[in-house]
Amino acid sequence: MRRFVLMPFILILSSCGGNGEGSGNYIPSVQVECSGVAVTDCNQNAKTVYVGLIESLALDCDDTLNGLSESQRQQLFVVTGRATSTRSGIYLMALISQWKNSSGGSQSVLNPGSYHVCAFVDSNGNGQLDTNEPVGQGVLTTGAGTYILDTWTAAFN
């Protein structure tokens, strides 16, 4: 007599597509909105805006970004991105939708949760945060819609 052993069948479904949007932990785009009323250097157009995400929510972006080069920022933050600003009415605007990890590779998902956003507008084009350049910060959640970063001050380095 033959014996048959029934093996359980397990089906694992993964999200479709390569951007991680089905997983709920994709990195949302960051829409920068900086008013020249809030920070004088937000009146300048065609400037590079740098943005980094880090897991620590107890972070002062002004102190953290002070004196860091782009490669140092890339190592510090979980992901970084940058864009060139445009003008829209009284706002300096930029959209960061492509992210790089600490190795310089593209990344579109993170561990689920909240991340501290640190950003600055490089007014003089030297790639570093300098005194009086606009620095912004906030908190975004993975899987959410576009995050609007509109809290800016002048750096005090």
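Residues numbered from 1 in each chain as written. Predicted model: local features only at pLDDT ≥ 70, side-chain atom pairs only at ≥ 80, totals over all residues. Heavy atoms only, no water.

Caption draft 1: Representation of the packing of aromatic side chains. Taken as a whole and judged by the stated rule, the model has one aromatic pair. Ring plane angle 25° and centroid distance 5.1 Å describe the contact between Y50 and F120, whose orientation is recorded as stacked. Separated by 70 residues along the polypeptide, Y50 in strand 2 (residues 48–54) and F120 in strand 8 (residues 114–122) bring together distant segments of the chain. Judged by its relative accessible area of 9%, Y50 falls in the buried class. One cation-aromatic arrangement involves R73 over Y50; the distance from NZ or CZ to the ring centre is 4.4 Å. (Phe/Tyr/Trp six-rings, centres within 6.5 Å; stacked < 30°, edge-to-face > 60°. Helix = DSSP H or I, 4+ residues; strand = E, 2+ residues; numbered from the N terminus. Buried < 20%, exposed > 50% of the residue type's maximum accessible area, 1.4 Å probe, protein only. Lys NZ or Arg CZ within 6 Å of the ring centre and 35° of its normal.)

Caption draft 2: Spatial organisation of the sheet that holds strand 5 (residues 91–96). Strands sit in the order 4-5-1-10 across an open sheet of four strands; the sheet is mixed. The strands lining the two open edges of the sheet, one partner per strand, are strand 4 (86–88) and strand 10 (147–149). Here the strands of the sheet are splayed against their neighbours by 30° on average, with no regard to which way each runs. (Pairing = 2+ DSSP bridges. Axes fitted to C-alpha atoms, helices over the stretch in contact; angles between N-to-C directions.)

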